[in-house]
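Fold and geometry: a report
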Amino acid sequence: MINVIFPTYILIAAGFLSGKVKKNMETETITFIVLYFFAPALILSSFKTVKLSLSDIKFIVFCGTAVIGSVWIAAAVIGKNLFGKRLPALELSSAIMNIGYLGLPVVYVLFGEAALGYAVTYMVFVTVIHFTVAIIALNPESLKKGIKETAKIPLIYAVIAAVFLRNVSFPGGAEKMLKLTGNSTMPLMLIAIGIKLSRINVKDLTPAIIGTLLRLCLGTAVAFIVVKLLPASSLLKKTVLVQSSLPSAMLNFVLCDRFGQNPEISASVILISTLISPLWLIFVIKVLLPAI
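Residue numbering note: each chain is counted from 1, following its sequence as written. Local features in a predicted model are, by the rule used here, given only for residues with pLDDT of at least 70; side-chain atom pairs are given and counted only at 80 or more, and totals for whole chains, interfaces and linings are based on all residues. Side-chain figures throughout are based on the complete set of non-hydrogen atoms in the structure, without hydrogens or water.

Re the environment of M97
Working definition: helices are DSSP H or I runs of at least four residues, strands are E runs of at least two. Numbering for both runs from the N terminus. You can see M97 is positioned in the loop between α4 (88-95) and α5 (103-111). Summary of the burial criterion: residues with accessible area below 20% of their type's maximum are buried, those above 50% are exposed, and those between are partly exposed, where the area comes from a 1.4 Å probe applied to protein chains only. The exposure class of M97 is buried, given its relative accessible area of 1%. As for M97 and I60, which are separated by 37 residues in sequence, their C-alpha atoms are 14 Å apart. Excluding residues that lie within four positions of it along the chain, M97 makes contacts with V67, Y122, V126, R215, Q243, S244, L246, P247, S248 and A249. Note on contacts: a residue pair is in contact if any heavy atoms of the two residues lie within 4.5 Å.

The following block contains the structure:
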């Protein structure tokens, strides 16, 4: 399992070291290219290899809602009792996982291209949550803005296009170029994560540890229960469980910083959960996946 998980983190480490060596290096250009060109190509190419039914989509939405909702509520209760007030940064950073930039490469390494359609669908669902529910929680006046931002995400339209073009055959050269472009998405995502991590400083370990435990342990536990109880294909169950077991998403920090909601807490949860994640994923893969 080390040979499966750690190659993914080698690229994260490369990005981290690059960010430390080159202090002025930013990820905006990488993010733009990935979001608007490479990731849509990945979606269009990967959806041709998976049979995604309405029941599959319902399964993904239900599991995602259960995982995010349960962790969010737990973080709200713990924050209220431990710190005397709600901490939206702790709630958001505990609840929403790095399902895209880390999730897609991990799923691809573990299960191959056949699982990418499931992984992308789960990612799109979580992205919509990020730009609606999360923004409302951080800044209630920003619902309209969140919906506008969601409408600008090209991945959503790529998914819609992929559904309608699934049975359409592209010319051989175009098909190869689409696949080559899509495959470039994952290494770029991982390097971008590393660069972002190189900018994070942990200031308070208490919320970082709490958020990490909620994100990894509770998120995984809820996902495991759901995939055990509900009917679905084995590959879909495994994909959802792995994606639900991932560390906190980078976008959590961006949103907390944008709305002035304790971004240092979010940064701490992201860093600690990402550092621990390789060992946690080994546990998930060796112990939990064979049990579903």
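There's more to say after this.
Remarks on the packing of aromatic side chains
Each pair of aromatic rings taken from Phe, Tyr and Trp, with Trp reduced to its six-membered ring, is defined by centres within 6.5 Å and is described as stacked if the planes are under 30 degrees apart, edge-to-face if over 60, and tilted in the remaining cases. In this structure the tally under the stated criterion is one aromatic pair. The interplanar angle of 40 degrees and the centroid separation of 5.0 Å between the aromatic rings of W280 and F283 together place this pair among those described as tilted. On the criterion of helical spacing, the pair formed by W280 and F283 is a turn pair, its members being three residues apart in helix α14 (residues 263-288). Looking at F283, the relative accessible area reads 33%, which means it is partly exposed.

Examining the confidence of the model for the chain
Note on scores: pLDDT gives the predictor's confidence for each residue, bounded by 0 and 100. Per-residue confidence for the chain gives a mean pLDDT of 84, with 93% of residues at or over 70. Here helix α7 (residues 143-151) is the element of the chain with the lowest mean pLDDT, 68, and helix α12 (residues 234-244) is the one with the highest, 96.

Considerations on the pattern of salt bridges
Every case where a carboxyl oxygen of Asp or Glu lies within 4 Å of a side-chain nitrogen of Lys or Arg is listed as a salt bridge. The full count for this structure, using the stated rule, is one salt bridge. Of the charged contacts, one joins R86 and E91 as a salt bridge, the two residues approaching to 2.6 Å between their closest N and O atoms. Taking the relative accessible area as the measure of exposure, E91 reaches 1% and is therefore buried.

What to know about the packing of helix α11 (residues 205-229) against α14
At a minimum axis distance of 8 Å, the contact between α11 and α14 shows a crossing angle of 35 degrees. Crossing of α11 against α14: the hand is right-handed. On the side of α11, the interface is formed by L205, P207, A208, G211, T212, L216, C217, T220 and F224, while α14 contributes I265, S268, V269, I272, S273, I276, W280, V284 and L288. Just so you know the grouping, Ala, Val, Leu, Ile, Met, Phe, Trp, Tyr, Cys and Pro go in nonpolar, Asp, Glu, Lys and Arg go in charged, and all remaining residues, Gly too, go in polar. Its residues assigned to classes, the contact of α11 with α14 shows 13 nonpolar, five polar and no charged. Between N-to-C directions, angles cover 0 to 180 degrees, with each direction set by a line fitted to C-alpha atoms, over the stretch in contact for helices. Take the far helix as the reference: if the near one is turned anticlockwise from it by less than a right angle, the crossing is left-handed, and if turned clockwise, right-handed.

Description of unusual backbone geometry
A positive phi angle, close to 45 degrees, is found at N262, a residue other than glycine. With relative accessibility at 27%, the residue N262 sits in the partly exposed group.

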